Amino acid sequence: MSDGLIGVGVESEGRASLVGSGFVPMWPYLERDLSSVLAEIAGHWPDLRGGGISTPERLLELTVASAWRSGRSYWMQLAAPWAIEMSDRECFERETVQELLRDMASSEVCRRPCEPA
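Counting from 1, residues in each chain are numbered in the order their sequence is written. Local features in a predicted model are, by the rule used here, given only for residues with pLDDT of at least 70; side-chain atom pairs are given and counted only at 80 or more, and totals for whole chains, interfaces and linings are based on all residues. Side-chain figures throughout are based on the complete set of non-hydrogen atoms in the structure, without hydrogens or water.

Trainee: How would you explain the pattern of salt bridges if you had to name every residue and give the values?
Mentor: The term salt bridge refers to a side-chain nitrogen of Lys or Arg lying within 4 Å of a carboxyl oxygen of Asp or Glu. Throughout the structure, instances matching the rule amount to five salt bridges. When the shortest N-O distance is used, the salt bridge between Arg58 and Glu61 registers 3.2 Å. One end of the pair, Arg58, and the other, Glu61, are both in helix α2 (residues 56-69), three residues apart, so they sit about a helical turn from each other. Per-residue accessibility, obtained with a 1.4 Å probe over protein chains only, is compared with the maximum for each type, and a residue is labelled buried under 20%, exposed over 50%, and partly exposed between these values. Among the residues examined, Arg58 registers a relative accessible area of 31% and is labelled partly exposed. For Arg102, the salt bridge goes to Glu95, with nearest N and O atoms at 3.0 Å. For the purposes of this entry, the term helix denotes a DSSP run of H or I that reaches at least four residues, the term strand denotes a run of E that reaches at least two, and both are numbered from the N terminus.

Structure follows, in structure tokens:
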């Protein structure tokens with residue numbers, strides 16, 4: 001936004017400021033490793049009060065799924081390794097992760113080397 005605040009929306013539509021919204025952008029966490037992000041979110045989970053999401057693991061499942069379904073190559077390439085790592089951990093919902101992995105396996109995005117942003 002022109003005042004330097006982060007906003008949500010597209011230029012042709014009205015935008016809303018994130019200040020005071022309680023909104024936490026999750027995709028940037030994909031730039032870090034899964035273990036540290038899970039530990040950090042789990043440590044703050046009581047403060048977050050869940051926001052309608054049952055567990056920190058479910059929040060990360062939704063984050064990976066939304067990044068993958070965004071169609072944005074950068075975020076999709078970051079989501080894929082997380083999904084693979086999530087499949088090796090019992091704390092994540094197996095069917096949700098397997099569905100993501102099936103989708104990823106058939107994608108051209110996972111066949112290309114990671115391109116610089």
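Trainee: I'd like to hear about the environment of Arg89, residue by residue, with values.
Mentor: Turning to its location among the elements, Arg89 is positioned in the loop between α3 (73-87) and α4 (94-105). Using a relative accessible area of 23% as the deciding quantity, one classes Arg89 as partly exposed. Excluding its chain neighbours within four sequence positions, the residues that come into contact with Arg89 are Leu34, Ser35 and Leu38. A 3.5 Å cut-off defines polar contacts: any pair of N or O atoms within that distance qualifies, except that in protein one atom must be a possible hydrogen donor and the other a possible acceptor, and neighbouring residues in sequence count only when both atoms are side-chain atoms. A polar side-chain atom of Arg89 sits 2.8 Å from a polar atom in the side chain of Glu85. Here a residue-residue contact requires only that any non-hydrogen atoms of the pair lie within 4.5 Å.

Trainee: Run through the packing of helix α1 (residues 34-48) against α3, naming residues and quoting values.
Mentor: Only C-alpha atoms enter the line fits that serve as axes; for helices the fit covers just the stretch in contact. Angles between N-to-C directions range over 0 to 180 degrees. Following both chains from N to C, one finds α1 and α3 inclined at 75 degrees, their axes separated by 11 Å at the closest point. Our classification of the angle between α1 and α3 gives roughly perpendicular. Residues Leu34, Ser35 and Val37 of α1 touch α3, and the partners they reach there are Trp82, Glu85 and Met86. Each residue is assigned to one of three groups, with Ala, Val, Leu, Ile, Met, Phe, Trp, Tyr, Cys and Pro labelled nonpolar, Asp, Glu, Lys and Arg labelled charged, and all others, Gly among them, labelled polar. Along the lines of polarity and charge, the residues of the contact of α1 with α3 split into four nonpolar, one polar and one charged. Any angle that falls under 35 degrees is termed roughly parallel, while one over 145 is termed roughly antiparallel, one within 65 to 115 roughly perpendicular, and all others oblique.

Trainee: Describe the packing of aromatic side chains, listing the residues and the values that go with them.
Mentor: Ring geometry is summarised as follows: Phe, Tyr and Trp rings, the Trp one being its six-membered ring, pair when their centres sit within 6.5 Å, and such pairs are stacked at plane angles under 30 degrees, edge-to-face over 60 and tilted between the two. Within the structure shown, the criterion is met by two aromatic pairs. Between Trp27 and Trp75, the aromatic rings sit 5.8 Å apart at their centres with planes inclined by 40 degrees, giving tilted as the arrangement. Within this pair, whereas Trp27 is found in the loop between β2 (16-17) and α1, its partner Trp75 is found in helix α3, the two being separated by 48 residues in sequence. Geometrically, the ring pair formed by Tyr74 and Trp75 is edge-to-face, given 4.9 Å between the ring centres and 80 degrees between the ring planes.

Trainee: So, the nonpolar core: which residues are in play, and what are the values?
Mentor: By size, the foremost hydrophobic cluster in this structure holds 27 residues, and its most contacted members are Leu30, Leu60, Val64, Trp82 and Met104. Listing elements by their share of this core, those giving two or more residues are α1, α2, α3 and α4. It is α3 that contributes the most residues to this core, eight residues altogether. Contacts of Leu30, omitting those with residues within four sequence positions, involve Thr63, Val64, Ala67, Trp75, Leu78, Ala79 and Trp82. To define a nonpolar core, start from buried Ala, Val, Leu, Ile, Met, Phe, Trp, Tyr and Cys residues and group those joined through side-chain atoms within 4.5 Å.

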